[in-house]
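Structure assessment
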Amino acid sequence: MLYFLQQLINGLTLGMMYGLIAIGYSMVYGIIGMINFAHGEIYMIGAFISIITFLLLGVLGITWIPLALLLVLVLAMVFTAAYGWTVERLAYRPLRGSFRLAPLISAIGMSIFLQNYVQLLQGANVKAVPPIVTGGWILAEEGGFAVRVSNVQIMIVVLTLVLMAIFSWIIARTPLGRAQRACEQDLKMAALCGVNVDRTISLTFVMGAALAAVAGLMATLYYGVVDFFIGFLAGIKAFTAAVLGGIGSIPGAMLGGLLLGLVEAFWSGYFTTEYKDVAAFSILVIVLIFLPTGLLGKPEIEKV
Amino acid sequence: MTAPLLEVEHLTMRFGGLVAVDDLSFTAHDLRITAIIGPNGAGKTTVFNCLTGFYRPTVGRLVFHGRFGPVLLEREDGYRIPRHGIARTFQNIRLFANMTALENLVVAQHNRLMRASGYTVLGLFGWKGYRTAEREAVDRARYWLDRMGLLARADWDAGALPYGDQRKLEIARAMCTEPRLLCLDEPAAGLNPRETAELAELLVEIRDRERIGILLIEHDMSMVMRISDHIVVLDYGRKIAEGTPERIRTDPVVIKAYLGEAEDEALPEEVAQDLARLGGGD
Amino acid sequence: MSTVATVGPRTAAGGFDLVRALKEAGLAAFVAFVLFVPLMGFQLVGQEGRLGLVYRPHWVVVGTVTVFLGHLAVSFLRAVRGPARRARGEAGPFARFFTVHARWFGVAAALVAFLLPFTPFGNRYVVDVATTVLIYVMLGWGLNIVVGLAGLLDLGYVAFYAVGAYSYALFAQWFGLGFWEALPIAGVLAALAGILLGFPVLRLRGDYLAIVTLGFGEIIRIVLLNWYDVTNGPDGISGIPRPTFFGLEFKRYSAEGTTFHQFFGIEYSSLHRVVFLYYLILILALITNWFVLRIRRLPIGRAWEALREDEIACKALGINPTNTKLTAFALGAMFGGFAGSFFATRQGFISPESFTFIESATILAIVVLGGMGSQIGVALAALVIVVLPELGREFEQFRMLLFGAAMVGIMVWRPRGLLAFREPTVRLHGRGEGEEAPR
């Protein structure tokens, strides 16, 4: 039972991170109907930028951890968002109206490019980050087994919830959110109604990238290691989460992320860790086949 | 009297709360042009999509007296329906834009050619039976390209053809499947009056020469009134009237549904004059 | 559409608007600066077990200035030459010429390939590299069936390559099958894997298919890594039997029967096997080419292309989309499997490391750069992509970076590939007869 509780906690933490990345996939898909394959790399870049800014702040003498983390959060979001914006501007915007596979191939190219760009600039080796947020709580103890929740985990959950609240507010209440929802319904019509479609799409990428940066920061704090390749798996899994929750739906992305995190935690907790990635992929395939609209997605009517 | 080709009985199609087609029944006959008309959003294209297997009707029976005897269309997979002898065109043309006009027409004969190529195996080694079959397919394509006046442009990419030619090519492609019922979704949309008149003549000719039935969705009332043998009028998914063009033209319910639009447009005399002036005889 | 990008700083008179160009270049440089500062300006390095930063401000300066000047140059060129013929998928006269005369180029290339080992350059190293090129040519042609003809984006093609390689290795290990017996089996198994994967997922939208195949590629790799009993995990399988020339082995001595050099009464040379392997893959690749060229003109091939253009119209013509796609998937996989078993017999050793996503990405890059559907283009792209890293370590390092950038660039400027000009599968009129299509 306690073991179960521990896996639950771990799974939720993991799920929050997947969810944050998945939102980026889902928002972009909702608006322009494409899978932004490079999104996983954006997350990876977010992780790198987080560490770099953190070390830089240390050099500048900002060593009070809460302040440093807050600054890192903001800076990582800003710089990573710049990457998100640039990716859209260079690799996707010129392709609107091109043939069906073009944006997909371009996205894959972008993904390969970013991965190698970071590898060349930062080296291929794994970067071990010293623990920044330490400590934790023991929730229950029985027969030598303790259920722990670390401060990092608490931070991840709280931060995710706060960000979710902010983003839900942006989408529900601000003019930007209204423009996004309009674009989601009908890109052409939105343009005719005076919505600046290009700008809205750009901002969507910026928002998605900012959230991915947060996930990157969290992963750095949680795992303590970063390398140029982490975006690949995280990307596929977050995409799985987005599909599971219903691609295009933001609460769906979060829900899918949580479910996936839980499945993975329990799988590695009770079965074997080697095949946990296989479990995630299998979920992806099964969901796509039997529940293509996901848990919270809207059915797509094929227009003839 | 001609035999019934397609019997639609109590067809209903709902999308969530929206009833696109509501308890529609009608019959399309062999050797006749049956037109489905109605204002925008009346559910005409939905009827087509049910007939050709793109939508599964919520309720209803669609009996088609096809190549292999009667068949219930609502139970068939979409891609199987053409084999029974139904071909269709699309409101917003769907050609294979990067393939040539000729290739478009050869692709339409896919199933026959697949069989002739021994499901690719024999064809791979240049079996003679397949080469003959391919030649026949090209001949059939040539025949239809000729009928449509597209022979000289046979090797153009379909996407490079002018709009009117694309419409014609799509009809030719449908005819290459050798259908018994040709379903045309607004074939005159975007054509100028002259092209529309030519099209009208073409459809009559197809009906009489190929001896098949035609099911037509069209907004151009003059064309519908001139060439249809039977007209079904839809409004908000319901059938509001049915009958010969003469009857429909004077039906008060129809006139009301079109808010007088019908009075302006449905002037067959004018169209007849038009046709005569354009040198309808060839 | 992308008005900003196509119009560029051109005044009404068509001249070059320097102020505007400078402004735009400045903006681009500013964005580049923001991008470069965190990742270029600082490098994470481990120092005594701790992470530290190395400062590289000069990199940022160089990068930003490069972007500024580059942007300026592009603006200038665009103003001088007029808006590019981008994103419309039109082929240039060069590509057209190449494709129209593809047959002659093909024959010439095949001739050169056949004579290569006997030319003065035909030393061991060159033949070895050429063999690698041909493996990628074959893989590219195989994937071209799936991506170029049928328009299905397969990001896990390497999985089928792995299935082929492991099939041969395992059949040789367990049942003592030779290369020639195992080759068809490997092809069939790879095709079956294609069907197994394709059957459930080919109904999906194109982009879902892409990510599922990507996942499938990873699954295969993970299974190969962890299924110790069968695959020997990360250590791989070694001692895979080398191919024989109609039963003649390429060895100095053989316990059983004669060897190649004994049979032909020539001096033993280790080069014999290298050359033999080269001819083997050359023949396999030519068979693939023959197959693809042939099948493109058969109903199934035309149906693939039609499906790529418009699936709904295909359904309305009675084409079964699922089966048609499945055939493409299975046949593409089969050639991947053939290439895989050749790879196994050539290396004599395989491990999961040879079958990573990078490999899939490389093959896809070959197909995309060469022009989807263009046989000669794919061959040229494979040549460039394999030979480039051989030219020097710099290229090796920047290889994947360049591929990625090239894939984006091609999609933006030449979405149909560098050498894409589609030759109709059947013609009614000879060239120059009939009405000329508008250019």
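What counts, and where the lines are drawn
Residues numbered from 1 in each chain as written. Chains lettered and ligands numbered in written order. Predicted model: local features only at pLDDT ≥ 70, side-chain atom pairs only at ≥ 80, totals over all residues. Heavy atoms only, no water. Helix = DSSP H or I, 4+ residues; strand = E, 2+ residues; numbered from the N terminus. Buried < 20%, exposed > 50% of the residue type's maximum accessible area, 1.4 Å probe, protein only. Contact = heavy atoms within 4.5 Å. Areas by Shrake-Rupley, 256 points an atom, 1.4 Å probe, with all protein chains shown as cover. Pairing = 2+ DSSP bridges. Axes fitted to C-alpha atoms, helices over the stretch in contact; angles between N-to-C directions. 1 Å grid on protein atoms, 1.4 Å probe; cavity = no way out; pocket = protein on both sides within 12 Å on 5 of 7 lines; lining within 4 Å. Points joined across faces, edges and corners; volume = space filled by probe spheres on them. Nonpolar A, V, L, I, M, F, W, Y, C, P; charged D, E, K, R; others polar. Domains from an automatic or database assignment. Lys, Arg positive; Asp, Glu negative; His and termini not counted. Salt bridge = Lys/Arg side-chain N within 4 Å of Asp/Glu carboxyl O. Polar contact = N/O pair within 3.5 Å; in protein donor to acceptor, adjacent residues only side chain to side chain.

**Topic: the overall build of chain C**
Check the secondary structure of chain C and you find 18 helices and 4 strands. Per-residue burial for chain C yields a buried fraction of 56% across its 439 residues. Counting only contacts in chain C whose residues sit at least 6 apart along the sequence, the fraction spanning at least 24 positions is 72%. Approximately 19400 Å² of chain C is accessible, and the part contributed by carbon and sulfur atoms is 66%.

**Some thoughts on the sheet that holds strand β3 (residues 33-37) of chain B**
Residues and elements named next belong to chain B. Taken together, 6 strands build an open sheet; the order of strands is β6-β7-β8-β3-β9-β10 and the sheet is mixed. Edge positions in the open sheet fall to β6 (86-88) and β10 (238-243), since each of these has one partner strand only. Averaged over all pairs of adjacent strands, the angle between strand axes in this sheet comes to 15 degrees, irrespective of strand direction. Summarising the sheet, β3 and strand β8 (residues 213-217) pair through 4 bridges and their orientation is parallel. Paired with Thr34 across the two strands is Leu215, which belongs to β8. With respect to the sheet, helix α6 (residues 163-175) is in contact with β6 and β7 (181-185), its orientation differing from that of β7 by roughly 155 degrees. Lying over the sheet, helix α7 (residues 193-211) contacts β3, β7 and β8, oriented at roughly 155 degrees with respect to β8.

**Structural notes on empty space enclosed by the protein**
Tallied over the full model, the rule gives 5 cavities of 30 Å³ or more. Considering only enclosed or pocket space, the largest cavity measures out at about 120 Å³ in volume. Surrounding the largest cavity, 14 residues form its lining, Phe37, Glu41, Ser111 and Phe232 of chain A together with Leu214 of chain C being those nearest its centre. In terms of residue count, the dominant contributor to the lining of the largest cavity is helix α9 (residues 230-245) of chain A (4 residues). Of the residues assigned to the lining of the largest cavity, the class counts are 9 nonpolar, 4 polar and 1 charged.

**What to know about the domain arrangement of chain C**
Considered domain by domain, chain C is made up of domain 1 (3-81) and domain 2 (95-413). On a C-alpha basis, the centres of domain 1 of chain C and domain 2 of chain C stand 39 Å from each other.

**Considerations on the side chain of Glu76 of chain B**
All names here are of chain B. With respect to the helices and strands, the residue Glu76 is situated in the loop between β5 (69-72) and β6. It turns out Glu76 is buried and unbridged, and the closest side chain with the opposite charge, Arg80, is 5.0 Å from it. Only 3.3 Å separates the side chain of Glu76 from the side chain of His84, close enough to count as a polar contact. Filtering out sequence-adjacent residues up to four positions away, Glu76 remains in contact with Arg56, Val71, Ile81 and His84.

**Description of the sheet that holds strand β1 (residues 4-15) of chain B**
The strands making up a sheet associate through hydrogen bonds between their backbones, and the pairing can be parallel or antiparallel. Residue and element names in this part refer to chain B. The strand order across the open sheet formed by 4 strands is β2-β1-β4-β5, and the pairing between neighbours is antiparallel. The open sheet terminates on both sides in strands that have one partner only, identified here as β2 (18-29) and β5. Strand-to-strand twist of the sheet, defined as the mean angle between neighbouring strand axes without regard to direction, takes the value 15 degrees. Bridge count between β1 and strand β4 (residues 59-66): 5 bridges; the pairing is antiparallel. The residue of β4 that forms the bridge with Val8 is Leu62.

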